[in-house]
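Per-entry structural report
Here are the chains, one letter per residue:
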Amino acid sequence: MATYQKKWDWTLIVIGVLLIVCGIVAATYPGLTLVIITTMVGVGYLLSGVGDVAAYFKLRKRMDVSGWALAYAVLDIVLGGLLLLYPVAFIALVPWIVAFGFLLFGIVEIWISTKAKRAGAPGWVLGVVSGVVNILCALALFFMPASFALFIALMAVWRGIKLIGDGITVGKVVRTR
């Protein structure tokens, strides 16, 4: 019969330490952090746009796909390209893009959670709370966009601390004979 013993999960601990280091770097070098994030957002928009263009041409004959979907995909490609070509010029725009994303995601989360409540699904309250937190984060970024790098730094350090704690307290269960 097998027994189980708890051991530290060094993967979580190492990732946690790396996140704390990234958070400290983000707080120390906010300009560099914003350039890197702007570049990552640009890559994301570019890849999303290319994927959406491919999906449009793949699905347009099987489904009634609007031409607006293609226009949106092209807009993503253009925005992604601009963010990659001129990251420093768009640094001020990224916190607003992220804030707008937080706002939309929060609204959608609340809307879906209220539909889940009507359907009798458990756990809908967590979705509403998460949606409200997303909206509050959006408002914080709308009113304090210059603190975006600090938000990123704090999130990285907090997540790093949480992962280290999980790696030590939860660890991983290994099978012994």
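Structure: above.
Quick caveat, the model's predicted, so the values are computed rather than measured. (Residues numbered from 1 in each chain as written. Predicted model: local features only at pLDDT ≥ 70, side-chain atom pairs only at ≥ 80, totals over all residues. Heavy atoms only, no water.)

**Here's the deal with the nonpolar core**
Core analysis: the biggest nonpolar cluster contains 11 residues, these being Leu34, Ile37, Val41, Leu83, Phe90, Ile91, Val94, Ala99, Leu141, Phe148 and Ala149. Elements represented by at least two residues in this core include exactly helix H2 (30-59), helix H4 (93-118) and helix H6 (148-169). Among the elements that line this core, the one with the most residues is H2, at 3 residues. Excluding its chain neighbours within four sequence positions, the residues that come into contact with Phe148 are Leu34, Ile37, Val94, Pro95, Val98 and Leu141. (Core = buried A, V, L, I, M, F, W, Y, C linked by side-chain atoms within 4.5 Å. Buried < 20%, exposed > 50% of the residue type's maximum accessible area, 1.4 Å probe, protein only. Helix = DSSP H or I, 4+ residues; strand = E, 2+ residues; numbered from the N terminus. Contact = heavy atoms within 4.5 Å.)

**A few points about the side chain of Asn134**
Positionally, Asn134 belongs in helix H5 (residues 124-143). When near neighbours in sequence (up to four residues on either side) are disregarded, Asn134 contacts Phe102, Phe105, Gly106 and Glu109.

**Here's the deal with a nonpolar patch on the surface**
A cluster of nonpolar side chains, contributed by Val17, Val21, Val25, Tyr29, Leu32, Ile36 and Met40, occupies part of the molecular surface with about 650 Å² of accessible area. Secondary-structure elements contributing two or more residues to the nonpolar patch are helix H1 (10-28) and H2. Tracing the chain through its elements places Ile36 in helix H2. On the accessibility criterion, Ile36 (43% relative accessible area) is partly exposed. (Patch = residues over 30% accessible without salt bridge, like charges linked within 9 Å, V, L, I, M, F, W, Y side chains within 5 Å. Areas by Shrake-Rupley, 256 points an atom, 1.4 Å probe, with all protein chains shown as cover. Salt bridge = Lys/Arg side-chain N within 4 Å of Asp/Glu carboxyl O.)

**Things to note about helix H3 (residues 67-85)**
Since one α-helical turn is 3.6 residues long, residues separated by three or four positions face the same way. Taking 1.5 Å per residue, 19 residues should reach 27 Å; H3 reaches 27 Å between its end C-alpha atoms and fits that length. Taken together, the buried positions of H3 are Ala73, Asp76, Gly80 and Leu83. Buried residues of H3, seen end-on, are gathered within an arc of 90 degrees and therefore sit on one face of the element. Of the residues in H3, the exposed ones pointing more than 90 degrees away from the buried face are Trp68, Leu75 and Leu85. (Expected span 1.5 Å × (residues − 1). Arc of directions from axis to C-beta.)

**Looking at the packing of aromatic side chains**
Scanning all chains against the criterion turns up 3 aromatic pairs. Relative to Phe57, the ring of Tyr56 has its centre 5.2 Å away and its plane inclined at 80 degrees; by these criteria the two rings are edge-to-face. Owing to a relative accessible area of 13%, Tyr56 belongs among the buried residues under this scheme. Phe57 gets classed as partly exposed once you look at its relative accessible area, which sits at 45%. (Phe/Tyr/Trp six-rings, centres within 6.5 Å; stacked < 30°, edge-to-face > 60°.)

**Quick word on the environment of Thr114**
Within the secondary structure, Thr114 is located in helix H4. Residues Thr114 and Val125, spaced 11 residues apart in sequence, show a C-alpha to C-alpha distance of 8.6 Å. In this structure the side chain of Thr114 is engaged in a polar contact, spanning 2.7 Å, whose partner is the backbone oxygen of Trp111. (Polar contact = N/O pair within 3.5 Å; in protein donor to acceptor, adjacent residues only side chain to side chain.)

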